[in-house]
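Here's the letter readout for the chains.
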Amino acid sequence: MPTRIASCSCGSLTAQVTGDPVRVSICHCLACQRRTGSVFGEQARFAREGVTISGASTRYVRVGDEGSRITFHFCPNCGATVYYEPEGLEAFVAIPVGAFADPHFPSPQVSVYEDRMHAWVVPPAEAQHIP
């Protein structure tokens, strides 16, 4: 079973995961674009029992388009988001794929909010595509 470590930029906040992600997705919503400073957010969802968090975090709660709340945990020193907890999915922890700094991380299986996707972005053809 693989073990991976996600980290903030300064290394003060980490998430160690054991096992493969249950879902890897990319989100093109405007909130993810603003949160990441990129044209989409990519996240991996892991079973909570396989995730170990180390270090202090600051929280930010955002209400999503459907009304659910997402609690983002970011490093109070460097500001990088290391993990988040979507309301209604308490058995899981979501981690931005970039926090793993692993170019061999599994590709996304799902692409959501594609109606807000930048015209030049090309999600994997085999991914589930949700407008």
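Since we're looking at a predicted model, the values are computed, not measured.

**What to know about the side chain of Arg4**
By the secondary structure assignment, Arg4 is in strand 1 (residues 3–7). Note on Arg4: relative accessible area 17%, which makes it buried.

**What to know about the sheet that holds strand 1**
Each strand in a sheet pairs with another by means of backbone hydrogen bonds, the pair being arranged parallel or else antiparallel. The three strands are arranged 1-2-5 in an open sheet whose pairing can be described as antiparallel. A strand with exactly one partner marks an edge of an open sheet, and here the two such strands are strand 1 and strand 5 (51–54). Geometrically, the sheet is characterised by an average inter-axis angle of 15° between neighbouring strands, direction not taken into account. Bridge count for strand 2 (residues 14–18) against strand 5 is four bridges, and the pairing is antiparallel.

**Considerations on the environment of Ala127**
Here Ala127 is to be found in the loop between strand 10 (110–112) and strand 11 (128–129). Once residues lying within four places of it in the same chain are set aside, the contact partners of Ala127 are Pro108, Gln109 and Val110.

**Looking at the pairing of strand 2**
In this sheet, strand 2 lies alongside strand 1 in antiparallel orientation, the contact comprising five bridges. Within strand 2, the residue paired with Ile5 across the bridge is Gln16. Between strand 1 and strand 2, which pair antiparallel one after the other, the connecting turn spans six residues, and Gly11 there sits at a positive phi close to 85°.

**Looking at the environment of Ser25**
As for its position among the elements, Ser25 is in strand 3 (residues 23–27). Overall, Ser25 belongs to the buried group, its relative accessible area being 6%. It is 14 Å that separates the C-alpha atoms of Ser25 and Val121, two residues lying 96 residues apart in sequence. Ignoring sequence-local partners within four residues, the contact set of Ser25 consists of Gly41, Glu42, Gln43, Pro108 and Val110.

**Re unusual backbone geometry**
The backbone phi angle of Ala101 is positive, close to 50°, even though this residue is not glycine. Mapped onto the elements of the fold, Ala101 is located in the loop between strand 9 (92–96) and strand 10. Note on Ala101: relative accessible area 68%, which makes it exposed.

**With respect to the nonpolar core**
One finds Ala6, Phe46, Val82, Ile95, Phe100 and Phe105 to be the most contacted residues of the largest nonpolar core, which totals 18 residues. For this core, the secondary-structure elements that each account for two or more residues are strand 2, strand 4 (41–47), strand 8 (81–86) and strand 9. Each residue touching Phe105, except ones within four places of it in the same chain, is listed here: Arg4, Pro21, Val24, Ala44, Phe46, Val97 and Phe100. Listed in part, the six residues of the second largest apolar core include Cys27, Cys32, Val112 and Tyr113.

Parameters at a glance
- For every chain, the first residue of the written sequence is number 1, and numbering continues from 1 onward in sequence order.
- Two thresholds apply to this predicted model, a pLDDT of at least 70 for residue-level local features and 80 or more for giving and counting side-chain atom pairs, whereas whole-chain, interface and lining totals are computed over all residues.
- Working from all heavy atoms in the structure, the side-chain values ignore hydrogens and water.
- Numbering of helices and strands starts at the N terminus; helices are DSSP runs of H or I of at least 4 residues and strands are runs of E of at least 2.
- Burial classification: accessible surface area is computed with a 1.4 Å probe over protein chains only, and a residue below 20% of its type maximum counts as buried, one above 50% as exposed, and the rest as partly exposed.
- Only strands joined by at least two bridges in the DSSP assignment are considered to pair.
- Convention adopted: a line fitted to C-alpha atoms gives each axis, helices being fitted over their contacting stretch, and angles between N-to-C directions are expressed from 0 to 180 degrees.
- Two residues qualify as a contact provided that any one of their heavy atoms is within 4.5 Å of a heavy atom in the partner residue.
- We call a set of buried Ala, Val, Leu, Ile, Met, Phe, Trp, Tyr and Cys residues a nonpolar core when their side-chain atoms join them within 4.5 Å.

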